[in-house]
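# Coordinate analysis (summary)
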Amino acid sequence: MDAVSRRAFLKYAAAATVSGSIAVACSSPPPTQRFITPDDPEIAARDRAAAAAMVVPMALAARPVTVDLGGVVANTWGFGAAAVGPEIRLTAGDRLRAEVVNDLPVGTTIHWHGIAIRNDMDGVPVLTQEPIAPGQRFVYDAVMPDPGTYWYHSHSGLQLDRGLSGPLIIEDPNESLRYDHEWTVFLKDWVDGVTGTPDDVLRELTAGMPGMSGMNGESGTATARPQYLLTDGTSALLGGDAGDVNYPYYLVNGRIPADPPQFTAKPGDRARLRIVNAGADTAFRVALGGHGLTVTHTDGYPIEPVRADALLLGMGERYDALVTLKDGVFPLVASAEGKNARGLAIVRTGPGEPPPPDVPVTELDGRIPMAWDMSASQAAGLPRRDVARTLDLRLTGEMSRYEWSIDGIPFDPTDVESNRFGVRGGERVRLVWRNDTDMWHPMHLHGHTFQLAESGSRKDTVIVLPKTALATYFDTDNPGVWAFHCHNSFHQDRGMMGSVSYEI
Ligand code: C2O
Ligand code: CU
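All figures in this text were calculated on a predicted structure; none of them were measured in a lab.

In terms of helices and strands, the protein carries four helices and 32 strands. Over its C-alpha atoms the protein spans a radius of gyration of 22 Å, differing by no more than 12% from the 23 Å that the globule rule assigns to 504 residues. Residue burial in the protein is summarised as follows: out of 504 residues, 59% are buried. Put simply, 75% of the contacts in the protein that link residues at least 6 apart link residues at least 24 apart. Carbon and sulfur atoms make up 51% of the accessible area of the protein, which amounts to about 19,100 Å² in all. Positive and negative side-chain charges of the protein, numbering 44 and 62 respectively, have mean locations separated by a distance of 4 Å.

Rendered as structure tokens:
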């Protein structure tokens, strides 16, 4: 942000604080409540030690691009020649200096998912910065404090559902795991520039499902068969509906199964998989044919290792797993949960024909531990402490009108006060995700990594099953205005979002 626009933004933020607190709504904070703003010196002070940090420069230009998905060409918005942005890799404690140039026809911001970043670099329009206008640039400059598997993506509108995302790997200077290979497995559902755009998908979702109440199709005309709406996809693991959208393709590292990416190694080698679900509406069930997995990390944080045949990842979630490779050619399958389709990669440790894209993989139906079955490693667990505050967040909305909300109120993306929940610094917060809807939601909190129950795994994004409540715990140690939302892009866009904001 240049000096002028920054000032304008700060003025706007201040005005919003004053006018927003006068404007009604019973969940609004009382007029006396004041919140820290992203420009507060306390926030910049967080990175003061960073003067000594190693600076890792990165140039990202968001622009219209034509990408090859493996024989299928898509016109999309991306950061380069591929459907996945470049992998950013640094070491915990390094300072990322990412210069983002916006060559898109609309505004954008970039968010660093899962990172306990300083708030003014978090990349959420209106909450932490003005969007970067077309033709403008913005430098994200912040220390990356914690090791782990993360990712970055646009946080504007439905841009995440285009090519505007990529992996962000923060290496541990004291890595204790031993492995011969490290493979990033970046999963994505894909429509953009093939049969339509994410906006076309949202238009169909909001037009309503045939035969559903609340649809606003023209009366008297027969409704066309939906192109994208998933009408029959269910998942036992997700408690019912698997998702809302049928995508034409599911990608592993930007490739379709007809021309899959290939990982090569020697028999007996150990590989560390860093699996990221960068999808917009698809949970992926991931397995390596003929192999078991040892799961080591949830959303970047170490756990007590658990054995698994497959893993189920909601949008925004990551798992790391170790695997000791057998001799041969194996399918690494990312099955689109409830959607009867898959993404594919090939793992090769010897000669031979690759398996066909639809090869059966029995591990997909084997043992699938969920995040709430896992425990943080001793070092990664939060210390025991009394809860100072409980935030009870009701996830609300319905499929028929395709409106999603928090406590019945859809987020207003122009209003920093919208669905704002206050905390104070230095608190242990119990954050309860209370899902009142008939669908599962992958709920994400920015700037913090919570813990499931008192000794569960550490997560920043967690699957909340329909009609259930899930308690999570975090410490308020990173002041700012922090978005939380469903990581289903369409639910987020239609209002299932708010903020956890630090009071002054
Ligand atoms: Cu992956 Cu609000 O972000
Ligand atoms: Cu949702």
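To continue, consider the sheet that holds strand 5 (residues 110-113). One key point about sheets: their strands pair by backbone hydrogen bonds, in either a parallel or an antiparallel sense. Spatially, 3-8-7-5 is the arrangement adopted by the four strands of the open sheet, whose pairing is mixed. Taken across any chain shown, the strands that pair with only one partner, and hence form the sheet edges, are strand 3 (88-91) and strand 5. Taking each pair of neighbouring strands and ignoring which way they run, the sheet shows an average axis angle of 20 degrees. Summarising the sheet, strand 5 and strand 7 (residues 148-154) pair through four bridges and their orientation is antiparallel. For Trp112, the partnering residue across the bridge sits in strand 7 and is Tyr152.

Glancing now at the sheet that holds strand 25 (residues 428-435). Spatially, the six strands line up as an open sheet ordered 23-22-25-30-27-28, and their pairing is mixed. Taken across any chain shown, the strands that pair with only one partner, and hence form the sheet edges, are strand 23 (403-406) and strand 28 (458-459).

Okay, the confidence of the model for the protein next. Regions with low pLDDT should not have their predicted coordinates read in detail. Counting all residues, the mean pLDDT for the protein is 92, and 90% of those residues have values of 70 or more. For the protein, the element scoring lowest by mean pLDDT is helix 1 (residues 3-22), at 39; strand 14 (residues 270-277) scores highest, at 99. Low pLDDT, under 50, characterises residues 1-26; the predicted model gives this stretch 29 contacts beyond four residues in sequence or across chains. In the model, residues 211-222 has pLDDT below 50 throughout and makes twelve contacts with residues more than four positions away in sequence or in other chains.

With that settled, the discussion passes to the layout of surface pockets. Roughly 590 Å³ of internal volume is contained in the largest pocket. In terms of lining, the largest pocket is formed by 32 residues, of which the most central are Pro147, Gly300, Tyr301, Pro302 and Ala380. Within the residue set of the lining of the largest pocket, elements represented by two or more residues are strand 14, strand 16 (293-298), strand 17 (301-308) and strand 30 (469-475). For the lining of the largest pocket, the leading source of residues is strand 17, giving four residues. Looking at side-chain class alone, the lining of the largest pocket contains twelve nonpolar, eleven polar and nine charged residues.

The copper ion (ligand 2) binds to the protein through His441 (ND1), Cys486 (SG) and His491 (ND1); the donor distances cover 2.0 to 2.1 Å. Written as a sequence motif, the donor residues of the copper ion (ligand 2) are H-x44-C-x4-H. In this pair, His441 sits in strand 26 (residues 441-445) while His491 sits in helix 4 (residues 489-493), placing the two residues 50 residues apart along the sequence. The class of His441 is buried, set by a relative accessible area of 0%. The class for His491 is buried, based on a relative accessible area of 0%.

On to the pairing of strand 15 (residues 284-288), then. Of all five residues in strand 15, five are buried, a share of seventy percent or more. As defined by bridge partners, strand 15 adjoins strand 18 (residues 311-313) across three bridges and the pair is classed as antiparallel. Note that in strand 18 the partner of Phe284 across the bridge is Leu313.

Moving on, we get to the pattern of salt bridges. Once the charged atoms of two side chains with opposite charge are near each other, the side chains can pair. Under the counting rule described, the total for this entry stands at 37 salt bridges. For Asp161, the salt bridge goes to Lys188, with nearest N and O atoms at 3.0 Å. Residue Asp161 is found in the loop between strand 7 and strand 8 (165-171), and its partner Lys188 is found in strand 9 (residues 181-190); the two are separated by 27 residues along the sequence. Here Asp161 falls in the buried class, since its relative accessible area comes to 0%. Exposure remark for Lys188: the relative accessible area of 3% places this residue in the buried category. Its salt-bridge partner being Arg394, residue Asp436 comes within 2.7 Å of it at the nearest N-O pair. Here Arg394 lies in strand 22 (residues 389-398) and Asp436 lies in the loop between strand 25 and strand 26, a separation of 42 residues in the sequence. For Asp436, a relative accessible area of 31% gives the class partly exposed. Since its relative accessible area comes to 33%, Arg394 is described here as partly exposed.

Take the UniProt feature "domain: Plastocyanin-like" (unreviewed entry) in the protein next. As recorded in UniProt, the sites labelled "domain: Plastocyanin-like" (unreviewed entry) are residues 70-174, 211-348 and 392-500. Here residues 70-174 runs as 0% helix and 41% strand, with 38 Å between its end C-alpha atoms. When the span residues 392-500 is considered, its composition is 5% helix and 50% strand, and the gap between its end C-alpha atoms is 12 Å.

Topologically, Gln262 is positioned in strand 13 (residues 262-264). Of the residues examined, Gln262 reaches a relative accessible area of 44% and is grouped as partly exposed. Linking Gln262 and Arg348, residues 86 residues apart in sequence, is a C-alpha distance of 7.1 Å. Aside from chain neighbours lying at most four places away, what touches Gln262 is Ile346 and Arg348.

The next subject is the environment of Ala116. Residue placement: Ala116 occurs in the loop between strand 5 and strand 6 (137-143). Spatially, the C-alpha atoms of Ala116 and Val143 are 9.0 Å apart, while their sequence positions differ by 27 residues. For Ala116, the residues in contact, after removing those within four places along its chain, are Arg46, Pro145, Asp146, Gly447 and Asn478.

Moving on, we get to the nonpolar core. Residues Trp112, Tyr140, Met144, Leu168, Leu311, Trp433 and Phe490 are the most contacted members of the largest nonpolar core, which totals 103 residues. Met144 has contacts with Leu90, Thr91, Ala92, Gly93, Asp94, Leu96, Ile115, Ile117, Leu168 and Ile170, leaving out every residue within four places of it along the chain. The next biggest cluster of nonpolar side chains, apart from the first, holds 17 residues, and it includes Ala283, Leu344, Val361 and Ile463.

With that settled, consider unusual backbone geometry. Phi is mostly negative for residues that are not glycine, and the peptide bonds are mostly trans. Residues other than glycine seldom take positive phi values, yet Asn253 does so here, at roughly 50 degrees. By the element assignment, Asn253 lies in the loop between strand 12 (249-252) and strand 13. The class of Asn253 is partly exposed, set by a relative accessible area of 27%. Of note in the backbone geometry, Asp299 takes a positive phi value of approximately 50 degrees without being a glycine. What makes Asp299 buried here is its relative accessible area of 0%.

Cut-off values and rules
Positions within a chain are numbered from 1, following the residues in the order the chain's sequence is written. Just so you know, chain letters begin at A and ligand numbers begin at 1, following the order they were written in. Residues qualify for local features only when their pLDDT is at least 70, as the model is predicted, and side-chain atom pairs are given and counted only at 80 or more; totals for whole chains, interfaces and linings, by contrast, use all residues. Computation of side-chain values covers all heavy atoms of the structure but excludes hydrogens and water. In this text, helices come from DSSP runs of H or I with a minimum length of four residues, and strands from runs of E with a minimum of two, each type numbered from the N-terminal end. Radius of gyration here uses only the C-alpha atoms, and the compact-globule reference equals 2.2 Å multiplied by the residue count raised to the power 0.38. Between buried and exposed lies partly exposed: a residue is buried under 20% and exposed over 50% of the maximum accessible area for its type, with that area taken using a 1.4 Å probe on protein chains only. By the convention used here, residues are in contact when the closest approach between their heavy atoms is within 4.5 Å. Each accessible area is a Shrake-Rupley result for a 1.4 Å probe, and residues are judged covered by the shown protein chains and nothing else. Counted as positive: Lys and Arg. Counted as negative: Asp and Glu, with His and the chain ends omitted from the count. Positions of charges follow a simple convention, taking NZ of Lys, CZ of Arg, CG of Asp or CD of Glu. Strand pairing follows a simple DSSP-based rule, namely that at least 2 bridges must link the two strands. Between N-to-C directions, angles cover 0 to 180 degrees, with each direction set by a line fitted to C-alpha atoms, over the stretch in contact for helices. What pLDDT conveys is the predictor's confidence in a given residue, as a value from 0 to 100. Site definitions follow a grid-based scheme: protein atoms alone, a 1 Å grid, a 1.4 Å probe that fits but cannot get out for cavities, and for pockets an open set with protein on both sides within 12 Å along at least five of seven lines, plus lining residues having an atom within 4 Å of a point. Grid points are joined across faces, edges and corners, and a volume is the space filled by probe spheres set on the points. Residue type decides the class: Asp, Glu, Lys and Arg count as charged, Ala, Val, Leu, Ile, Met, Phe, Trp, Tyr, Cys and Pro as nonpolar, and the leftover types, Gly among them, as polar. A donor here means an N, O or S atom no more than 2.8 Å from the metal, or no more than 3.2 Å when the metal is Na, K or Ca. Since water is not included, a site may seem to lack partners. Definition used for salt bridges: Asp or Glu carboxyl oxygen within 4 Å of a side-chain nitrogen of Lys or Arg. UniProt positions are given in the numbering used here, feature names are shortened, and annotations may be inferred rather than shown by experiment. Residue types Ala, Val, Leu, Ile, Met, Phe, Trp, Tyr and Cys, when buried and joined through side-chain atoms within 4.5 Å, form a set referred to as a nonpolar core.

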